[in-house]
Structure formats: structure tokens, C-alpha cells
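Architecture at a glance
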Amino acid sequence: MHMCCLLFSRQSVRLLSRVPSRTCRRLPLGSLFLTKIFPGPVSLSSSGLWCTASVKMSTEAEIEREAILGPLRRAVGEQGEVVRRLKDEKCPKLQLAEAVMELKVRKKALESKEQELTPPSEKFDRGPMEELIKARFFYGPSFNIYGGVAGLYDFGPVGCAMKSNLLSLWRSHFILEEGMLEVDCSMLTPEPVLRASGHVDRFSDFMVKDVVTGDCYRADHILSQHLEQLSMDPKCTAEKKKEYEEVMLQVDNYSQSELGDLLRKYEVKATLTGNGLSAPVEFNLMFGTSIGPAGNTPGFLRPETAQGIFVNFKRLLDYNNGKLPFAVAQIGKAFRNEISPRSGLLRVREFEMAEIEHFLHPDKRNQFPKFRNVCDVKLNLYSACNQMDGKPPQLIGIGEAVRKVLNMTAFNYYYAGG
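Predicted, not measured: the structure shown is a model, and the values here were computed from it.

Calculation criteria
- Residues numbered from 1 in each chain as written.
- Predicted model: local features only at pLDDT ≥ 70, side-chain atom pairs only at ≥ 80, totals over all residues.
- Heavy atoms only, no water.
- Pairing = 2+ DSSP bridges.
- Helix = DSSP H or I, 4+ residues; strand = E, 2+ residues; numbered from the N terminus.
- Axes fitted to C-alpha atoms, helices over the stretch in contact; angles between N-to-C directions.
- Salt bridge = Lys/Arg side-chain N within 4 Å of Asp/Glu carboxyl O.
- Buried < 20%, exposed > 50% of the residue type's maximum accessible area, 1.4 Å probe, protein only.
- Phe/Tyr/Trp six-rings, centres within 6.5 Å; stacked < 30°, edge-to-face > 60°.

Bringing the sheet that holds strand β13 (residues 287–291) into the picture now. Taken together, three strands build an open sheet; the order of strands is β9-β14-β13 and the sheet is antiparallel. Pairing within the sheet leaves two strands with one partner each, and these edge strands are β9 (188–190) and β13. Direction aside, neighbouring strands of the sheet carry axes that sit 40 degrees apart on average. Of the pairings in the sheet, the one linking β9 to strand β14 (residues 297–301) comprises three bridges and is antiparallel in character. Residue Thr-189 lies in a different strand from β14, and its bridge partner there is Phe-300.

See below:
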């Protein structure tokens, strides 16, 4: 809906042919590709069911680009070798952690320079587009006449039709064509199920509040945003910029107290008001409730659809006559009490999920007959080794990648658009 085309592997060539003279960049998610449309020249090619688009670059520009990136790639490769050596020698964890941090900093510098040298694309102003589709009621904020609630949306007639067609195509491509089992499980989940899965204890983010207005922010997000702004200041020294980058690289790994220390150290203020912030507190993202009139059975609205599949595994195995492998799919609602919903439909509190769990025998996980249908499909992969060596992504056949880089033929069958 946000000026994106949803492309499926079997329709990729047909759909892309309808958007000539544009450059398509996409992220593969199984057989679903989210493709952003950018102005510019396009070169289309296909291999099997895989269709790619690339910006034409002159040889001279490529040579100049590599001359700039070469030293950065070598720096990453040298540090990658240091990390490998320390692992082989089983050096102290602190020494290894410092080496890994330096590797991340060098990789970040390489990625930033690559992004800087990428041909600029025309910026898209999403605001007017969103206002238009809301005015025509593709979708709109729920309960708007009562002030609305952030993160909740209603789909109008056209939005419902688009959603229905998308789910129908997904069901046809995966469930029907691949012979998967489909379930439809309860959205209301007893507390013991989600405690066993770890959601009760760990499905949370750290939150801070504006001490005056009470507005809530995710602690890691507001810290990263503040450091990005500081690093963009022309007066920021190279040493300080490196410090900020190191913090941002580790922002997901900090504990509650460490985040609090960093927020105070860098004097982070509320984004909207500039007021001070409270200390970080842990906030569970699940919607809690009680089941039954007595309220003695605690429960939650499910944060994802997987648990319903897992708890029914024995029934599904019996239904499949005890044979592995088999795949189970479920389409349904999930709920997450996001601290700060934003970006339209990209971060909401109630949303539709379409999920697949594929069950394999642990001793036969690479015995997947259908994989031979896609083993010659080529993908642009960025292996861990290439990342540590400072090398660019590599175009490689999925069959060769399974032997060298990847694992599990079943997963890569779907990744290749099977």
C-alpha cells in the first residue's frame, strides 16, 4: 500500500513488465517479494522463476567505485582474520569482544560508503500518498470519530479486496500448491503456553516516558535517533562519530541499567517536547486478559500464530500418518502492544499474519526432493565469510550455496521461490 508492488515468484516477470523504465529493488521473503519502485533505467533478466532488476553502471564508474571501496574492504578483511585467529586460539572473551566490535565498526564504515556511492534515487514523499488512500478509504484509523487509537486501522472496500486477493494468492501458492496442512487456532492463549515459549518473560522492550506529558518511547530507538543526530552535526569529531556508531551497533544488546546510563550520558530528551525522560522500564508487548467469569485463568491475545501450530504438533503428525516432513500454515490475527506505533501499516497493534512451520526429521533435514527443481536458481547472497573478508555479495546458485554457505534444503527451496 505504501507505493510498493507485491510480487510473487510465478508472476514476477509478468508484473515487472508492467513497470518499464523503473528500477526495482526488493527483499525476498519466501515467494513474496516487497518491491520498491524507483525512477531510473532498468535492466530485467530472469532465471527460472527468479526475476531481478539492476541499475546500469558504466565500467568507468564501477572502477572508480571499487578504487574507493577497496581499502575499506581490505580493512574489514584484515580485522576478520584477526577475529578468526582469536577464535582459533580461544582467547579471552573480552579480547574477542573488542576485536568483534572493531570488525563491526569497519563493516559499518564500508556499508556507509557503499550507500554513499550508490546512485541517488528520487525521494518519495509518502505523506500525500497516505492522505489520498485514507481519503478514498483504502484504510483509515479505527474509531476516528472518538479520537482514534494509535496503531489500530480499519480497511475500506478497496483495502478489503486487496487484502483478500493477497491472502488468496498466498494460500494458493503455498498451501494448495505445496500440499501444506492448514489450521485455524484460537487467538486467546492461556498464560502457561506463552510462559513455556518464553513470551511472558522475554517478549518485551525497554520503555521511557516524557516526565511531563507521559508520552512513551522505546529506549533503544530514541537513543539511536539522538546519536544519529549528534553524528550528523558538522562539529562532530571523527572520534566522537566512531563512539556514537559503536553505541548504535550495540543498542539491541544493552541491559536496562546500561540503557539508562547511556540516556543520561548523552542527555537524551523527549523527541516531541524536549522534556526529560524517565529511567527505562521493561514493558511486555502482549495484551493481557483473564479467561472466564471468575478471572482465575490469566491469558493473552496471541502475539504470533506459531504457538497454535506447535501445541497441535502431535495431532498434525497423526493426521499425516506419522510421516515427516510436512508443513503447516496458518493465516490469522496477531496482537502486539507496541510502545510507539508508527509508519502507517508497518508497525501496528493488530495485524494479519500468514505463517508456515515446516517440520523435518533431524537426521533427514536435507532430504527434500523438491529442492532439485530450484537448485540452479541464482541468488545474490552475502555470506558471513564474505562479510568478514570485506568482499561484496556473491551471485551463486542455490544448490551450490547449500553445499558451501547455507543449510537445510527445505528452507532454501522456499527462499529460491519454489
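Tallied over the full model, the rule gives 22 salt bridges. Salt-bridge contacts for Glu-102 lead to Arg-106; the nearest nitrogen and oxygen are separated by 2.9 Å. With Glu-102 and Arg-106 both in helix α3 (residues 93–117) and four residues apart, this pair spans about one turn of that helix. Judged by its relative accessible area of 22%, Glu-102 falls in the partly exposed class. With a closest N to O distance of 3.5 Å, Glu-350 and Lys-333 form a salt bridge. Here Glu-350 is found in strand β16 (residues 350–359), whereas its partner Lys-333 is found in strand β15 (residues 326–335), with 17 residues between them in sequence. The exposure class assigned to Glu-350 is partly exposed, which follows from its relative accessible area of 36%. For Lys-333, a relative accessible area of 26% puts it in the partly exposed group. Salt bridges sharing common partners tie together Lys-163, Lys-333, Glu-350 and Glu-352.

Time to look at the packing of aromatic side chains. Applying the stated rule across the entire model yields 11 aromatic pairs. Between Tyr-139 and Tyr-153 the ring centres are 5.4 Å apart and the planes differ by 75 degrees, which places this aromatic pair in the edge-to-face class. Linking Tyr-139 in strand β6 (residues 139–141) with Tyr-153 in strand β7 (residues 153–155), this pair joins segments that are 14 residues apart in sequence. Classification of Tyr-139 as buried rests on a relative accessible area of 0%.

This next bit is on unusual backbone geometry. Residue Pro-325 is reached from Leu-324 by a cis peptide bond, and omega for that bond is 0 degrees. Phi at Phe-137 takes a positive value of approximately 55 degrees, unusual for a residue other than glycine. Within the secondary structure layout, Phe-137 lies in the loop between α4 (126–135) and β6. Looking at Phe-137, the relative accessible area reads 40%, which means it is partly exposed. We note that Asn-321 has phi near 60 degrees; this positive angle belongs to a residue other than glycine. Following the sequence through the fold, Asn-321 ends up in the loop between α12 (313–319) and β15.

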